[in-house]
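Residue strings, one per chain:
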Amino acid sequence: MLPIMAVPTFLTPTVLVVSLGILLPSARAADWAQWRGPERDGTVPGVTLPSTLKGDALSEAWRVELEPGYSGPVVFGDKVFTTETENRETEIVRALDRTTGKETWRASWSGAMKVPFFAKSNGDWIRATPACDGERLYVAGMCDVLVCLEMATGKELWRYDFVKELETPLPAFGFASSPLLDGDAVIVQAGAGTCKLDKRTGKLLWRAMVDQGGMFGSAFSSPVIATLGGKRQLVVQTRTQLAGLSLDTGTELWTQAVEAFRGMNILTPTVHNGGVFTSTYGGETSLFEVSEAFSVSKKWALKLQGYMTSPIILDGMGIELNRDQRLVAVDLDDGSKLWEIKDKFGKYWSLVSDGTKVLALDQKGELLLFQPTREDWNLIDRVKVSDEETWAHLAVVEGMIYIRDLKGLTAWSWKQP
């Protein structure tokens with residue numbers, strides 16, 4: 001499993017859509033405070049990606065050696081936060097100086113588990129990407145615990161143990177869904193459901209979509225917030241369903257069953273023009289529309305399996321890396337396949353876009369820069385950045401690219417020619 005993304009306003013008589021609106025209130029565009037960045041969809045507002053990766057355009061600023069982990073780095077203010085699992089028994093969170101990589105604090109706790117034998121190649125280490133609000137850091141531990149740390153010092157402020165408090169089974173693959181911050185709350189897919197907690201105290205406010213995890217426990221996919229059918233809501237993809245929930249109460253506004261082999265719904269769904277674009281392992285790639293009456297209809301479907309890579313949306317195209325390890329672009333309006341790259345890549349990509357170009361980190365340790373159109377992907381550059389596997393989501397902030405591989409974290413700086 002992987003560590004396990006602003007949309008124009010659009011109005012019809014039946015569908016109302018506004019921007020995702022999930023930029024963290026206290027986060028700046030210069031921060032990468034959560035899973036998939038400021039807007040939680042892989043876009044980087046106010047940043048222009050480099051025009052080349054070759055020569056001295058990309059240079060290593062610093063590197064810190066770490067124990068294994070899949071969590072993407074979180075960047076806030078002058079700090080970079082990263083996680084790791086030591087000796088398969090202890091989870092560690094480190095705060096590093098953003099400029100030098102020097103450690104400023106670390107926190108740790110006992111918390112490790114073994115994933116099922118058929119997933120052993122994906123490791124037994126911490127998976128979910130933390131979230132930061134400028135004062136606190138929210139970290140999902142493998143054993144279904146959420147730990148709140150003081151951002152400045154690493155002091156533990158509270159923790160919520162879902163297995164203990166809710167008497168739920170330990171999820172077979174660990175806590176894989178990345179926390180989402182909204183106002184005074186933190187929302188997670190844990191405890192065999194979806195839970196909203198007070199972000200200052202850790203008090204459970206509501207729990208929904210309970211026992212949707214099936215035989216393997218809680219969801220892998222990470223939740224997002226969007227306005228669908230005229231209502232701002234939480235969009236979640238569980239092991240078996242896609243759903244919209246009331247942010248105030250957790251009440252199900254709409255649900256849609258999604259086919260997936262053994263509930264392997266892994267990627268984060270993406271909202272676009274009144275629809276939810278998603279894909280599953282063993283299922284299909286599809287776009288569902290949600291009306292003002294919260295009825296759900298499947299606008300189109302393709303026999304493509306996005307599997308683990310959360311897609312990026314650019315110029316009405318959905319760009320995803322499929323289970324067959326080929327890159328595909330889909331027209332989100334009619335579901336037609338625009339192009340498919342015949343070459344095979346790694347098993348997973350993390351994707352970032354500035355609205356024109358796309359930066360992709362391949363699981364095999366390669367960084368690719370391309371400028372997609374409706375005709376082709378238009379590869380610009382590809383460079384090797386790690387000899388280790390790179391499952392964690394990359395972070396792009398103010399002329400820096402932070403890449404977490406299985407043995408460390410490297411900060412790369414770029415300069416425009």
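Residues numbered from 1 in each chain as written. Predicted model: local features only at pLDDT ≥ 70, side-chain atom pairs only at ≥ 80, totals over all residues. Heavy atoms only, no water.

## As for the sheet that holds strand β30 (residues 366-370)
One open sheet holds the 4 strands; their spatial order is β28-β29-β30-β31, and the pairing between them is antiparallel. This sheet does not close on itself; its edge strands, each paired only once, are β28 (349-353) and β31 (379-384). Taking each pair of neighbouring strands and ignoring which way they run, the sheet shows an average axis angle of 15°. Sheet topology places β28 next to strand β29 (residues 358-362); 5 bridges connect them, and they run antiparallel. The partner of S353 across the bridge, within β29, is V358. (Pairing = 2+ DSSP bridges. Helix = DSSP H or I, 4+ residues; strand = E, 2+ residues; numbered from the N terminus. Axes fitted to C-alpha atoms, helices over the stretch in contact; angles between N-to-C directions.)

## Examining the environment of T129
Secondary-structure assignment places T129 in the loop between β7 (103-110) and β8 (131-132). Sequence separation of T129 and W35 is 94 residues, and the distance between their C-alpha atoms is 5.6 Å.

## Observations regarding the pairing of strand β16 (residues 224-228)
β16 sits mainly inside the fold: 5 of its 5 residues count as buried. Residues V224, A226 and L228 line one face of β16 and the alternating positions I225 and T227 line the opposite face, and both faces are buried. Note: β16 against strand β17 (residues 231-237), 5 bridges, orientation antiparallel. Counterpart to I225 in the pairing with β17 is L234. Hairpin remark: β16 followed by β17, antiparallel, with 2 residues in the connecting loop; positive phi at G229, about 60°. (Buried < 20%, exposed > 50% of the residue type's maximum accessible area, 1.4 Å probe, protein only.)

## Concerning the pattern of salt bridges
Close approach of charged atoms lets side chains of opposite charge pair. One pass over the full model with this rule turns up 26 salt bridges. The residue R94 makes a salt bridge to E84 at a minimum N-O spacing of 2.6 Å. With R94 in strand β6 (residues 90-97) and E84 in strand β5 (residues 79-86), the pair connects residues that are 10 residues apart, well separated along the chain. The residues R94 and E84 share a single accessibility class, namely buried. For D324, the salt bridge identified is with R326, shortest N-O distance 3.8 Å. What makes D324 partly exposed here is its relative accessible area of 31%. (Salt bridge = Lys/Arg side-chain N within 4 Å of Asp/Glu carboxyl O.)

## Structural notes on the side chain of S291
As for its position among the elements, S291 is in the loop between β22 (285-290) and β23 (296-302). There is a polar contact of 3.2 Å between the side chain of S291 and the backbone nitrogen of A293. (Polar contact = N/O pair within 3.5 Å; in protein donor to acceptor, adjacent residues only side chain to side chain.)

## Comments concerning the sheet that holds strand β12 (residues 180-182)
Taken in spatial order, the 4 strands make up an open sheet running β12-β13-β14-β15, and their pairing is antiparallel. The sheet is open, and its two borders are formed by β12 and β15 (204-208), each paired with just one other strand. The average undirected angle you get between the axes of adjacent strands in this sheet is 20°.

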